[in-house]
Structures are given as structure tokens and as C-alpha cells.
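Residues per chain are reported as follows:
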Amino acid sequence: MSIPCRARPQDGIAWVTGASSGIGRAAALELARRGYTVAVTARRAPELAALANEVKGRGRIVPAPADVTDAESLRAAVEAVEAAHGPIVLAFLNAGLYVPVSGTDIDVSVYRRTFDVNVMGTVHALAAVLPRMAARGRGQIGINASVAGYGGLPRAAAYGASKAALINMAQALSFDANPAGVTIQVVNPGFVETPATSVNEFPMPFIIPVDEAARRVADGFEKSGFEITFPRRFAYILKALNLLPYRAYLALVGRSTGGASSDGPGSSTR
Ligand SMILES: NC(=O)c1ccc[n+]([C@@H]2O[C@H](COP(=O)([O-])OP(=O)(O)OC[C@H]3O[C@@H](n4cnc5c(N)ncnc54)[C@H](OP(=O)(O)O)[C@@H]3O)[C@@H](O)[C@H]2O)c1
């Protein structure tokens, strides 16, 4: 069995999706600062060009605009990037969408869009890059999920379910990818100050600045753990809550967030 890969700048370039703002943008800057040439993908090409300009003379960021919901354009972007700049050895699949939803008024289009971008967008990115890494026997992929994927949270039925899918997917992929020389990691941030969280009207416990999140992601890529999560205290509280029987979990989360029922469904298998 191959030793799982820890990417280094001398082995190839990095690729970050969702790099036009927030965590992806900050992570691209941090990886460039650590010596990588970084290919950056998102739909807004002018923001990617501005990002590339920002590091000129101090690092190298190359725009590769694409929509992650379009599998073919993503595949073509990766092919063009590798032809021009060399093999992608580190991929941070971060593009994502957060739309809070009501628990009683189900807007199908929001669920579909959330799954198209967060889940299928990640699958399209994996399809574009993972087989190439496996053929070379070398690569590292971080899938950006969320602590919201650990268990259901108020107003997060669409978003949290999409992130739970990504956590499960990352675990499942690692069984085959790691022996092929491709390390799979899952990134589970708590609250981070970005345009996505600026819409939240509720207090966000343990929220951290985006530059700190980017450093934590890049540090995690240099270590060996499967999960990269921060702030740790928040993640551990949520993990502990998820060990409780469902009735206690639903009551505690409902009470502490002011959301949903304070008493869960009558029966529990957990
Ligand atoms: N902020 C948090 O507290 C937090 C916590 C846990 C997890 N996360 C996750 O971190 C990731 C980044 O979130 P953020 O907070 O940094 O949000 P953000 O600032 O809104 O960034 C989202 C990024 O995703 C890109 N994107 C969205 N739809 C896309 C599409 N169809 N094709 C290509 N790119 C697309 C956006 O670029 P364009 O609009 O230019 O396409 C943007 O660059 C998401 O996966 C999010 O779920 C965030």
C-alpha cells in the first residue's frame, strides 16, 4: 500500500475552488505564501484576476474560471491548468453555497441548488482531478464540508444535509484513494467571517477571522489527520452533542439556538 501523500510545493501546484471570496480566497493566498503556484476557480473571473494581481511579485496565482455545476467546463479547466503549469498535487475543493431555509416551507429549488453546488460541484471537481492524481500515484485533496454536517441544526436542512453528504463521501473515498497514493481529508470549519456568514442574524459562537481559517486549513494539509476542524472547542462541543440520544440532542440544540422544537420526536434509536 502506498504511503498517503503529503503535498509539497516542489511536487506540483495547488488548486482551490470557490476562490473568488471568503475561505477559498484566503486559502489561495496562504498556499501561495507557502510556495505553491495556485490555480483558482470560481464563476467571477474579475475577482480571480484581482486575486492573481494581488500576489504578483510575492507568489503565483493563476485564474481558471469555471462553474462547478458544469462538469465539462471544470474538466477542461483542470486539463488546461495542468498543461500550462504542471500537475495538481494539492486540491482544496471549497466552492459552496449557504442558504438558510425554513423547516415548514420547503423551497425545492433551494435544496436542488444547494446539492448541485455543494455536493455535485464537489463530485465534478473530484472527477476532474482525482483520476489524474491516482494515475500519477500522488495527490492530496481537502473537501470543505462543515461542522453543520455533524448533525441537524435549525435553518440548515438543505446546507447541513449537503455537508453531511460530503463528510460521508470523503470517508468513503479515502478507502480506495489512499492506497492509490491520493490522500483525502475533510475540512470542517465552524463559523468563519465571510460574505456567506454575513447574512446570519443570530450570534455565531466561536466565529474566527477568515485569515485564521486559511492558516488552519493550510496547517492541516501539512499534517496527517483525516479531519481538519476549527475552532476545535466548537467542533468538540458539536461532536459531543451528537453522541447524545436524539431526544436530548434535539432539545439541547433547539434550546441553545432558539430554533425548532425544544422536545424532539417521541422515539429515539440513539
Ligand atoms: N464561512 C463559514 O462559516 C463556513 C463554515 C463551514 C464551512 N464553510 C464552507 O466554506 C466554503 C466557502 O464558504 P465561504 O464562507 O468562504 O463563502 P463565500 O465567501 O460565499 O465563498 C463561496 C465561494 O464559492 C464559489 N462558488 C459558489 N458557487 C459556485 C459555482 N457554481 N461554481 C464555482 N464556484 C462557486 C463562490 O464564487 P463565485 O460566486 O465567483 O462563483 C465563492 O468563491 C463553502 O463550502 C462553505 O460551505 C464556510
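Residues numbered from 1 in each chain as written. Predicted model: local features only at pLDDT ≥ 70, side-chain atom pairs only at ≥ 80, totals over all residues.

Student: How do you make sense of the overall build of the protein when you look at a structure like this?
Tutor: Helix and strand content of the protein: eight helices and seven strands. Seen through its C-alpha atoms, the protein measures out along the principal axes to roughly 60 × 45 × 30 Å. Considering only contacts in the protein between residues 6 or more positions apart, those separated by 24 or more positions represent 65%. (Helix = DSSP H or I, 4+ residues; strand = E, 2+ residues; numbered from the N terminus. Contact = placed C-beta atoms within 7 Å.)

Student: Please clarify how unusual backbone geometry should be interpreted in this entry.
Tutor: Outside of glycine, negative phi angles account for most residues, and trans bonds account for most peptide bonds. A cis geometry characterises the amide bond from F230 onward to P231, with omega recorded as -15 degrees. Residue placement: P231 occurs in the loop between strand 7 (227–230) and helix 7 (232–241). Phi at R155 takes a positive value of approximately 65 degrees, unusual for a residue other than glycine. Checked against the element boundaries, R155 lands in the loop between strand 5 (139–144) and helix 5 (157–177). Residue classification places R155 among the partly exposed residues on the basis of 17 C-beta atoms within 10 Å. (Buried ≥ 20, exposed ≤ 12 C-beta atoms within 10 Å, placed from the backbone.)

Student: I'm lost on the site of the ligand in this one. Help?
Tutor: Taken together, 31 residues surround the ligand, and among them G18, G22, R43, R44 and G96 come closest. Every element with two or more residues in the shell around the ligand is listed here: helix 1 (22–33) and helix 4 (108–136). A per-element tally of the shell around the ligand places helix 1 first, with three residues. In the shell around the ligand, the residues fall into 13 nonpolar, 14 polar and four charged. (Near = placed C-beta within 6 Å. Nonpolar A, V, L, I, M, F, W, Y, C, P; charged D, E, K, R; others polar.)

Student: Even after reading the chapter, I still don't get helix 6 (residues 210–222), so can you show me in this structure?
Tutor: Spacing of three or four residues puts side chains on the same side of an α-helix, whose turn is 3.6 residues. For helix 6, which comprises 13 residues, the first-to-last C-alpha distance of 19 Å matches the rise-based estimate of 18 Å (1.5 Å per residue) to within 8%. Restricting attention to buried positions, one finds in helix 6 the residues V210, A213, A214, R216, V217, A218 and F221. (Expected span 1.5 Å × (residues − 1).)

Student: Teacher, can you tell me more about the nonpolar core here?
Tutor: Within soluble globular proteins, side chains that are nonpolar tend to cluster in buried spots. By size, the foremost hydrophobic cluster in this structure holds 61 residues, and its most contacted members are A27, A28, V38, V40 and V129. Apart from the residues within four sequence positions on either side, V38 is in contact with I13, A14, V16, A28, L31, A32 and I61. (Core = buried A, V, L, I, M, F, W, Y, C linked by C-beta atoms within 7 Å.)

Student: Before we go on, may I ask you to explain the environment of A95 in this structure?
Tutor: Residue placement: A95 occurs in the loop between strand 4 (88–93) and helix 4. Separated by 30 residues in sequence, A95 and A125 place their C-alpha atoms 9.7 Å apart. Here A95 is in contact with T17, G18, G24, A42, V68, V117 and G121, once residues within four sequence places are set aside.

Student: How do you make sense of the sheet that holds strand 1 (residues 13–17) when you look at a structure like this?
Tutor: Backbone-to-backbone hydrogen bonds pair the strands of a sheet. The strands run either parallel or antiparallel. Strand order in the open sheet made by the seven strands is 3-2-1-4-5-6-7, with parallel pairing throughout. A single partner strand is all that each edge strand has here, and the edge strands are strand 3 (60–63) and strand 7. Between one strand axis and the next, the sheet turns through 20 degrees on average, direction left out of account. Pairing geometry for strand 1 and strand 2 (residues 37–41), over four bridges, is parallel. Bridging across to strand 2, W15 finds its partner in A39. Its contacts with the sheet put helix 3 (residues 71–85) on strand 1, strand 2, strand 3 and strand 4, and the angle it makes with strand 2 is roughly 160 degrees. This element, helix 4, spans strand 1, strand 4, strand 5 and strand 6 (182–189) of the sheet and lies at about 160 degrees to strand 4. (Pairing = 2+ DSSP bridges. Axes fitted to C-alpha atoms, helices over the stretch in contact; angles between N-to-C directions.)

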